[in-house]
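Summary of structural features
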Amino acid sequence: MRRGLFRRRRGLSEFADAIRPELEAVPTPEPTDALLERILASRAASVRVILPEPLTPRPRLPRRLIAAIAIAAGALLMLVPSTRRAPSTGEDVFTSSGFLAREAFAQPPDRNGGRRFAPVTLARPKALHPVALELSRRLHNATGQLVDESVDSLVVAPATVEGLPAWRITSRSQDVVGDQHRVQDETLYVARADLRFLARAVHVAPYSRFDRINVQQRFPGDSVTGRMTTDGPSIGAGRPIARRLPRELGPYLTDAFAPLALMAVPVDATWTGNAALLGWAVVSRDVFVPIEMRVAGEERLTVPAGTFDCWRLSIRFAGGEISYWMRKSDGLGVRVLDQRNAATTGTRETVLRRVTP
Amino acid sequence: MALPRRSEKPDQFIEAHVVADAARGSPDALAALYARYARGLLAVAYRLLQSREDAEDVVHDVFVGLPEALRRYEERGSLGPWLRKVTARVALMRLREQRARPVVELDEQRVLASARAPDTALTIEQALRSLSPNLRAVLVLKEIEGFTHAEIAAMLDISVGASEVRLHRALLAMRAQMLEDI
């Protein structure tokens, strides 16, 4: 127990060391000539202030006395029923960015109501196959000017997880958030037999004040478990992840899986379905966001990867609606258009740039 | 781990006659001390009070009362640390007065925090601001200003153990705040 206490204290000490430079760098006001003039004017007006003396430190209590008090307090605590403070819900934060919509997690999730459609059924798991994709992500500001462009990649490759045949889906996306140029890497393992999630790792660098944030997830039963850690500075053991993923709200999609998921779904002109976008699940606000999909039309669409006959889907989040084009031939995502904030922050668009079997 | 004091130029740069003149109430000497020390003292007060106006009031009071206080000042060669202690005490007294007469103010930082862009992380300044004044005072005095727990205990009129506990709680709260933001 003592070792555990020592470890906790050491962890806190490391945290203090890590934040000290930032604490010292918090801006403070500069003294002004006006303040000096005010001081001199007060003196001239005979204003007087009696300043306190810096006090001499009091001697410490003897350790034995402290120990005796601690024992007495411990005994008292055993007699008083304990109360537990409710943990912070973190309702004002979200963490994940997304292939479908990075703002999705900023919206209040409507987890229970509003599910008009049946859950998406991944009825053709064998439709997923090894493939390498290049996706072009473009951000136009409210005036239509291109302000950021990056090339994302996504690779599906065979793998084995604890003896189970699986697909390893790796994606790399780049983004500009504030003044940070971020790279997000996701590796997702799904079972080949039914595309259920087996394991997931997300790394974002840099993230906020950290050089890198790491999210490791496993998917036992109907839950997601794992841990979030950081590098530069490290927050030590990080934060545990343990959230339930209700089966009835699935299937769950991630940034890496989103462009591929509908390859396993037979879609026609009247198709509809509900699913959920999985977040990092570190905070309660970022576990998942339900989405609602329906076919809104069909179009022949030209993107850098070629010209394809597509289904145009409307994808609804709690906070709005985006458009998604998928190839009729195999269900692969071809284009995503997010115009929800077109008049303010601008338009986000992701298009398929290259497909390598 | 003991923190090194923030570096300050040796006090011998403030010549003894400047201090003596200031003790006699010379405006020029007071202005010289203001030029030398006001930035650091304003920073101490601001970190404790989280308000520019309050911090300026504290520094105003310190310099207005300085000539009389200097007549009692005997810690030669350590004017800077002595002034920081005095300023911290004046700021803490103001903090206690504020708690005794609470006012409702528009917390601009809180408004900004709740309205911030989704991807904008909580700044350490906001995390510091969210601490209770008791916890913030110990964190500021120990981790930024480099005072010992014994000195902080004397300033706050609490035991050394209480100061240590408050620092522990402040760091836990800061860490929780900053991790919740991830």
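Residues numbered from 1 in each chain as written. Chains lettered and ligands numbered in written order. Predicted model: local features only at pLDDT ≥ 70, side-chain atom pairs only at ≥ 80, totals over all residues. Heavy atoms only, no water.

**Notes on the overall build of chain B**
Tallying secondary structure elements over chain B gives 9 helices and 0 strands in all. The linear arrangement of helices and strands in chain B, starting from the amino end, is α-α-α-α-α-α-α-α-α. Counting all 182 residues of chain B, 53% fall into the buried class. Put simply, 68% of the contacts in chain B that link residues at least 6 apart link residues at least 24 apart. For chain B, the accessible surface area stands at approximately 8,300 Å², while carbon and sulfur atoms represent 54% of it. (Helix = DSSP H or I, 4+ residues; strand = E, 2+ residues; numbered from the N terminus. Buried < 20%, exposed > 50% of the residue type's maximum accessible area, 1.4 Å probe, protein only. Contact = heavy atoms within 4.5 Å. Areas by Shrake-Rupley, 256 points an atom, 1.4 Å probe, with all protein chains shown as cover.)

**Regarding the packing of aromatic side chains**
Under the definition given, this model contains 5 aromatic pairs over all chains. Between the aromatic rings of Tyr252(A) and Phe288(A), the centroid separation amounts to 5.7 Å while the plane-to-plane angle is 70°, which identifies the pairing as edge-to-face. Taken together, the residues span a long stretch of sequence, with Tyr252(A) in strand β9 (residues 252-253) and Phe288(A) in strand β11 (residues 288-303) at a distance of 36 residues. Across the pair, exposure class does not vary: Tyr252(A) and Phe288(A) are buried alike. With a centroid separation of 5.4 Å and an interplanar angle of 65°, the aromatic rings of Tyr34(B) and Phe63(B) are classed as edge-to-face. Of this pair, Tyr34(B) sits in helix α2 (residues 27-49) while Phe63(B) sits in helix α3 (residues 52-70), placing them 29 residues apart in sequence. A single burial state applies to Tyr34(B) and to Phe63(B), both of which are buried. (Phe/Tyr/Trp six-rings, centres within 6.5 Å; stacked < 30°, edge-to-face > 60°.)

**Some points on the packing of helix α2 (residues 33-44) of chain A against α2(B)**
Across the interface, α2(A) lies against α2(B) with an axial gap of 11 Å and an inter-helix angle of 145°. For the element pair α2(A) and α2(B), the recorded crossing hand is right-handed. When α2(A) is examined against α2(B), the residues Leu35(A), Leu36(A), Ile39(A), Leu40(A) and Arg43(A) are found in contact with a partner set consisting of Pro27(B), Leu30(B), Ala31(B) and Tyr34(B). Taken together, the residues that form the contact of α2(A) with α2(B) break down as 8 nonpolar, no polar and 1 charged. (Axes fitted to C-alpha atoms, helices over the stretch in contact; angles between N-to-C directions. Left-handed = near helix turned anticlockwise from the far one by under 90°. Nonpolar A, V, L, I, M, F, W, Y, C, P; charged D, E, K, R; others polar.)

**Focus: the pattern of salt bridges**
Scanning the model with the defined rule gives 31 salt bridges over all chains in all. In this structure, Glu134(A) and Arg353(A) form a salt bridge, with 3.1 Å as the shortest nitrogen-oxygen distance. Residue Glu134(A) is found in strand β1 (residues 131-140), and its partner Arg353(A) is found in strand β15 (residues 347-356); the two are separated by 219 residues along the sequence. A relative accessible area of 22% means that Glu134(A) is categorised as partly exposed. Note that Glu292(A) is salt-bridged to Arg316(A), the shortest N-O span being 3.4 Å. Residue Glu292(A) is located in strand β11, and its partner Arg316(A) is located in strand β12 (residues 306-317); the two are separated by 24 residues in the primary sequence. Look at Arg316(A) and you get partly exposed, because its relative accessible area is 37%. Here the residues in one salt-bridge network are Arg38(A), Asp54(B), Asp57(B) and Arg94(B), joined through shared partners. (Salt bridge = Lys/Arg side-chain N within 4 Å of Asp/Glu carboxyl O.)

**A few points about the confidence of the model for chain A**
Residues and elements named next belong to chain A. Mean pLDDT over chain A works out to 79, with 79% of the residues at or above the 70 mark. The low-confidence segment residues 1-6, where pLDDT is below 50, has 0 contacts with residues more than four positions distant or belonging to other chains. Predicted confidence is poor over residues 76-97, with pLDDT under 50, and the contacts of this stretch with residues over four places away or in other chains come to 33 contacts. (pLDDT = per-residue confidence, 0-100.)

**Some details on the pairing of β11(A)**
Residue and element names in this part refer to chain A. Pairing between strand β10 (residues 272-278) and β11: 7 bridges, direction antiparallel. Opposite Thr272, over in β11, you have Arg294 as the bridge partner. The loop that links β11 with its antiparallel partner β12 comprises 2 residues. (Pairing = 2+ DSSP bridges.)

**A closer look at the packing of α2(B) against α3(B)**
All names here are of chain B. Between α2 and α3, the least distance of the axes is 9 Å, while the angle of their chain directions is 135°. As the angle between them shows, α2 and α3 are arranged oblique. α3 is crossed by α2, and the crossing has right-handed handedness. Contacts between α2 and α3 involve Leu30, Leu33, Tyr34, Ala38, Leu41, Leu42, Ala45, Tyr46 and Leu49 from the first element and Arg52, Asp54, Ala55, Glu56, Val58, Val59, Val62, Phe63, Leu66, Pro67 and Leu70 from the second. In terms of residue class, the contact of α2 with α3 is built from 17 nonpolar, no polar and 3 charged. (Parallel < 35°, antiparallel > 145°, perpendicular 65-115°, else oblique.)

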